[in-house]
Amino acid sequence: MDKIKSILLKYNSAGPRYTSYPPANFFTESVNNDNYIESLIKSNNEGDSKLSLYFHIPFCSQLCFFCGCTTQKMRSDDFVSKYIDAIIKELQSVSEFVNSNRKVTQIHFGGGTPNAIDFSHLRKIVEKAKELFVFASDAEIAIECNPAYLDEERVEQLIEIGFNRFSLGIQDFNENVLKAVNREPSLLNVEELVNIIRKDGRASVNLDFIYGLPLQTVESFLENIKRSIIIKPDRLVTFSYAHVPWVKKAQQVLEETGLPSSDMKIEMLTKGYQLLLENGYKSIGMDHYALPTDDLCLAKEQRSLHRNFQGYCTKRSTGQVLAFGASGISQLHRAYIQNIKNVTKYIDSVKETGFAIERGYLLADNEIIIRECINTLMCNKYLSLQEKASELNVSVSELKEIINFSADSFSEFINDGLVKIEDDCIEVSENGAFVIRNMAMLIDPMLKTGDNMYSKTI
Ligand SMILES: C[S@@+](CC[C@H](N)C(=O)[O-])C[C@H]1O[C@@H](n2cnc3c(N)ncnc32)[C@H](O)[C@@H]1O
Ligand code: SF4
C-alpha cells in the first residue's frame, strides 16, 4: 500500500476527470435548440444506436454541505408537478427526432434526490418514456436514492414502477459525520434496506461513500468498508470528496469544521481498496468496485467497459444519452448538449419551445477520435493504437498525430512501473489505475490547465 501512496503523492495534480471529452469547461453558450435537433437527427445514423435516458430531479429535502450536484431545496408539490410536466413535454419533443427502431437499454434517475418527490411523478415519466420509445426487454432502470426517505413500502412502490437498480447514497454510517455535513441517516438499518431491495434477485444495489469529510479518520472510514463487506452490495463507490468552494459556496462551512489531510485521504482510499479486494470485490477504475458476478466485472474482463456522466456501464447496457430536466447533459455521437440549469427558466423554455438548451459542445471528427481513445484507456486500462485505428478507419500514424502520442511522454510512468508500451499498445498496471487520468492527459492535445479549473485526484 505504501507503493500506491507514494504514487498518488507524486502524481496528485489537478486535472480533468474525463467523465466527458472534452470536459464540461469547454461547453459554450453558442449551442442552441437547433443544434440539439440537428445532432439528434444525425445520432440516428452515427455512433451507437441504443439509447440511455437520463432524468434529472433537482430537489432535496435537506441540502448536504459537501454536495457538488446541481440541486436545490425541495419545492411545493405544485411546483414539482410543473417541472414534471415540462420533462414530459421535453420527452415528446425529443422523441419526434429519434428513429423509432432505436431501443432504450438504460434509464437513470439522478439528482438531487429522485426518491424525495411523490412517486406518482416518477411513474408518470417512466410510463411516458415507455409510450414514446421502444424498450429492450432487459433494460436497466436505475434510481439514485437517499436512504433517509426509503422504507419497505416505498421500496415496493419503486419496484412496482419498474426500478431494478438502486444506488443508495450512504456517504458514511457514522451519525456524527452525517450531522457535520447536514445529512440525515438512513431511515431503516441499511442491512435490512438492502435485503428488502434485493429480495428474490429483483433489483441490484450500489452503495456510495465519500472519503475526505469532516470528522472522518482513517479508522472510522474503514469501519464503513467493513460493514459494507458484510452487507455485500453488488457495487460500491468510494468517492474522493471534491472540494470546490469557489463553485459550491456551501462547502466553505466544512473548512471551519476541518477536513482530513490529503495524506489521510490517500490512506482511506488505499486501505479501503485493499480491504475490498481481499474480500472478493474487483476494482473498476480507481474508486468503483463490483462483485465478480456483476456485469461491470465481466465487461472489464472483455475490455468493453464504458463510462458516461452517470458512471461506469457496459457497452451492452448503454447507448447515446438523451438527458431530460434542468441541467441534464445529452451525450450524443457528435455533441454534448446541456439544458438550462435554472429550474424556472427550464420550465418556461420547454413550455414555449419544447426544448431548453443552455450550452454545449459540437465535436469535430478528430475530437470524436480522441474521446474514443481516452475513454478506452480510462475504462479498460488498455489502448491498442492498431486496434483503435482500424476500428476508427484511420491509419496508426494518423491516429498518433491526432492524439499527439509520444511513448517518451510516458517515460516517468514507465519507469515507475505504472504502464507498459509495446507495439503501440498502452497497458496500464493495477497500480497505474490510480493515476490513469494523469496518463489520459498525455493523449489529450486540447488539455487546458489553470488555477481552480479542476479538483485534484485526491
Ligand atoms: C446526486 S448524489 C446522490 C443521490 C442522493 N441525493 C443522495 O444523496 O443519496 C450522487 C452522489 O454524488 C456523490 N457526491 C456528491 N457531492 C460530492 C462531492 N462534493 N464530492 C464527491 N462526491 C460527491 C455522493 O456520494 C452522492 O451519493
Ligand atoms: S448529496 Fe444527495 S441529498 Fe445531499 S444535497 Fe446532494 S443530491 Fe441532495
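Just so it is clear, the model here is predicted, and its values are computed rather than measured.

Peer 1: Explain the overall build of the protein chain to me, please; I cannot follow it from the model alone.
Peer 2: Secondary structure assignment for the protein chain yields 17 helices and 19 strands. In terms of overall dimensions, the protein chain has a C-alpha envelope of 60 × 50 × 45 Å along the principal axes. Counting across all 458 residues of the protein chain, residues that qualify as buried make up 43%. When contacts within the protein chain are restricted to residue pairs at least 6 apart in sequence, long-range pairs at least 24 apart make up 74% of them.

Peer 1: What am I meant to see in the site of ligand 2 here?
Peer 2: Around ligand 2 sit Cys60, Leu63, Cys64, Cys67, Cys69, Thr71, Gly111, Gly112, Thr113, Asn146 and Gly169, and that is every residue in its neighbourhood. Here the shell around ligand 2 is composed, by residue class, of five nonpolar, six polar and no charged.

Peer 1: I'm lost on the site of ligand 1 in this one. Help?
Peer 2: By nearness alone, 17 residues border ligand 1, and Gly68, Asn146, Gly169, Asp208 and Phe239 come closest of all. Of all elements in the fold, only strand 4 (103-111), strand 6 (165-171) and strand 7 (204-211) reach the threshold of two or more residues within the shell around ligand 1.

Peer 1: In this structure, what is going on with the domain arrangement of the protein chain? I would like to understand it.
Peer 2: Often, the extent of an interface is quoted as the loss of accessible area on bringing the components together. For the protein chain, the assigned domains are domain 1 (23-324) and domain 2 (365-448). Averaged C-alpha coordinates put domain 1 and domain 2 at centres separated by 28 Å. Listed per partner, the contact involves eight residues of domain 1 and nine residues of domain 2. With three residues, strand 11 (residues 305-308) is the largest single contributor of residues to the side of domain 1 that touches domain 2.

Peer 1: Help me understand helix 4 (residues 119-132) in this model?
Peer 2: An α-helical turn contains 3.6 residues, so any two residues separated by three or four positions project in the same direction. For helix 4, with 14 residues, the first-to-last C-alpha span of 20 Å sits near the 20 Å given by 1.5 Å per residue. Where the residues of helix 4 are buried, they touch strand 1 (51-57), helix 3 (77-95), strand 4 and helix 5 (152-161).

Peer 1: Quick question: what am I supposed to make of the pairing of strand 12 (residues 311-314) here?
Peer 2: Pairing analysis gives four bridges linking strand 11 to strand 12, with the strands arranged antiparallel. Paired with His306 across the strands is Cys313, a residue of strand 12. Taken together, strand 11 and the strand that follows it, strand 12, pair antiparallel across an intervening segment of two residues.

Peer 1: When you look at the nonpolar core in this model, what are you seeing that I'm missing?
Peer 2: Most often, soluble globular proteins have nonpolar side chains that are buried together. Ranked by internal contacts, the top residues of the largest apolar core, which has 119 residues, are Leu53, Ile374 and Leu377. Ranked by residues supplied to this core, first place goes to helix 13 (residues 365-380) with seven residues. When residues are assigned to domains, this core turns out to be shared by domain 1 (23-324) and domain 2 (365-448), each giving three or more. The residues contacting Leu53, other than those within four sequence positions of it, are Val104, Ile107, Ala129, Leu322 and Phe324.

Peer 1: So what exactly am I meant to see when it comes to unusual backbone geometry here?
Peer 2: Excluding glycine, residues mostly have negative phi values, and the peptide bonds linking residues are mostly trans. Note the cis peptide between Tyr21 and Pro22, where omega equals -5°. Cis geometry is adopted by the peptide bond preceding Gly112, which originates at Gly111 and carries an omega value of 20°. Among the structural elements, Gly112 can be located in the loop between strand 4 and helix 4. Backbone geometry places Ser327, a non-glycine residue, at a positive phi of 75°.

Peer 1: Got a minute to help me understand the sheet that holds strand 17 (residues 382-384) in this structure?
Peer 2: Across a sheet, paired strands are connected by hydrogen bonds in the backbone, their directions being either parallel or antiparallel. Strand order in the open sheet formed by three strands is 17-19-18, with antiparallel pairing between adjacent strands. Of all strands in the sheet, those with a lone pairing partner are strand 17 and strand 18 (419-422), marking the two edges. Averaged over all pairs of adjacent strands, the angle between their axes in this sheet comes to 10°, without regard to strand direction. Direction of pairing for strand 17 relative to strand 19 (residues 425-428): antiparallel, over a ladder of three bridges. When the sheet's bridge partners are listed, Ser384 is paired in strand 19 with Cys425. Against the sheet, helix 14 (residues 385-392) engages strand 17 and strand 19, with an angle of about 65° to strand 17.

Peer 1: Explain the pairing of strand 4 to me, please; I cannot follow it from the model alone.
Peer 2: Consecutive side chains of a regular strand alternate in pointing toward one face of the sheet and then the other. Within strand 4, eight of the nine residues are buried, which leaves the element mostly enclosed by the surrounding structure. Of the pairings in the sheet, the one linking strand 4 to strand 5 (residues 134-145) comprises six bridges and is parallel in character. Paired with Val104 across the strands is Phe135, a residue of strand 5. As a crossover connection, the stretch from strand 4 through helix 4 into strand 5 is right-handed.

Peer 1: Would you explain the packing of helix 3 against helix 12 (residues 343-353) in this entry?
Peer 2: If you want to describe how two helices pack, look at the angle between their axes and the distance between the axes. For the pair helix 3 and helix 12, the least separation of the axes is 9 Å and the interaxial angle reads 45°. Comparing their axes, helix 12 and helix 3 come out oblique. The interaxial crossing formed by helix 3 with helix 12 has left-handed handedness. The residues of helix 12 that touch helix 3, namely those facing Lys82, Tyr83, Ala86, Lys89 and Glu90, are Val343, Tyr346, Ile347, Val350 and Lys351. Residue composition of the contact of helix 3 with helix 12, grouped by class: six nonpolar, no polar and four charged.

Cut-offs used in this document
- Residues numbered from 1 in each chain as written.
- Chains lettered and ligands numbered in written order.
- Predicted model: local features only at pLDDT ≥ 70, side-chain atom pairs only at ≥ 80, totals over all residues.
- Helix = DSSP H or I, 4+ residues; strand = E, 2+ residues; numbered from the N terminus.
- Buried ≥ 20, exposed ≤ 12 C-beta atoms within 10 Å, placed from the backbone.
- Contact = placed C-beta atoms within 7 Å.
- Near = placed C-beta within 6 Å.
- Nonpolar A, V, L, I, M, F, W, Y, C, P; charged D, E, K, R; others polar.
- Domains from an automatic or database assignment.
- Expected span 1.5 Å × (residues − 1).
- Pairing = 2+ DSSP bridges.
- Core = buried A, V, L, I, M, F, W, Y, C linked by C-beta atoms within 7 Å.
- Axes fitted to C-alpha atoms, helices over the stretch in contact; angles between N-to-C directions.
- Right-handed = clockwise from strand over helix to strand, strands pointing away.
- Parallel < 35°, antiparallel > 145°, perpendicular 65-115°, else oblique.
- Left-handed = near helix turned anticlockwise from the far one by under 90°.

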